[in-house]
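One-letter residues, chain by chain:
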Amino acid sequence: MTEIRRIADQLKRSMEGEAWHGPALRELLADVTAQQAAAKPLAGAHSIWEIVLHVIGSEGLVCERLEGKPGVLSPEEDWPPVMETSDEAWRAALQALTDVHQKLQQLLLSVPENRLAEPIVEGASSTYVNVHGIVQHNIYHAGQIAVLKKG
């Protein structure tokens, strides 16, 4: 197995399961309602919905970088506000998460091995650091969601 395929496997596990750390994002979100997603059970903490939008933006940013665009998220793109809390809007957010994750997986699998050590875009850290970073990012936020679900 190539290093790219190993990283892609870890990325998949952060979203879809069979993860060593515990439930992956999709597993945690499977039974969350729009009302639960919008709730803020912990003062000063983000809601599950806000975290999902943040993960979508972060995975999208890595996609842009893999496509050669020197993307940076504005504060509003990094933590977008939840504008509508309907069931339909929640389903749309979950679909957007699935879509961006599938795109990221496809882009990652197209990366040549020799590109891992190179900056992902000019002036940035390596492709390796970026793609491992998004795996770590997903796992971190999965833990937050697990805590919020208990609240």
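Just so you know, these numbers come straight off a predicted model, no measurement behind them.

Cut-off values and rules
Residues numbered from 1 in each chain as written. Predicted model: local features only at pLDDT ≥ 70, side-chain atom pairs only at ≥ 80, totals over all residues. Heavy atoms only, no water. Helix = DSSP H or I, 4+ residues; strand = E, 2+ residues; numbered from the N terminus. Rg over C-alpha atoms; globule rule 2.2 N^0.38 Å. Expected span 1.5 Å × (residues − 1). Contact = heavy atoms within 4.5 Å. Core = buried A, V, L, I, M, F, W, Y, C linked by side-chain atoms within 4.5 Å. Buried < 20%, exposed > 50% of the residue type's maximum accessible area, 1.4 Å probe, protein only.

1. Some details on the overall build of the protein
No. 1: In terms of regular secondary structure, the protein is built from seven helices and zero strands.
No. 2: Overall, the protein shows an N-to-C arrangement of helices and strands of α-α-α-α-α-α-α.
No. 3: The C-alpha radius of gyration computed for the protein amounts to 16 Å, which stays within 12% of the reference 15 Å derived for 151 residues, consistent with globular compactness.
No. 4: Dimensions of the protein, computed from C-alpha atoms along their principal axes, come out at roughly 45 × 35 × 25 Å.

2. What to know about helix H6 (residues 87-109)
No. 1: For H6, which comprises 23 residues, the first-to-last C-alpha distance of 33 Å matches the rise-based estimate of 33 Å (1.5 Å per residue) to within 8%.
No. 2: Those residues of H6 that are buried are in contact with helix H1 (3-16), helix H2 (25-29), helix H3 (34-38), helix H4 (48-66) and helix H7 (127-150).

3. Here's the deal with the nonpolar core
No. 1: Ranked by internal contacts, the top residues of the largest apolar core, which has 39 residues, are Ile48, Trp49, Leu66 and Trp90.
No. 2: If you list the elements that add at least two residues to this core, you get H1, H2, H3, H4, H6 and H7.
No. 3: It is H4 that contributes the most residues to this core, 10 residues altogether.
No. 4: When residues no more than four places from it in sequence are discounted, the contact partners of Trp49 are Ala34, Ala37, Ala38, Val82, Glu84, Thr85, Ser86, Ala89, Trp90 and Ala93.

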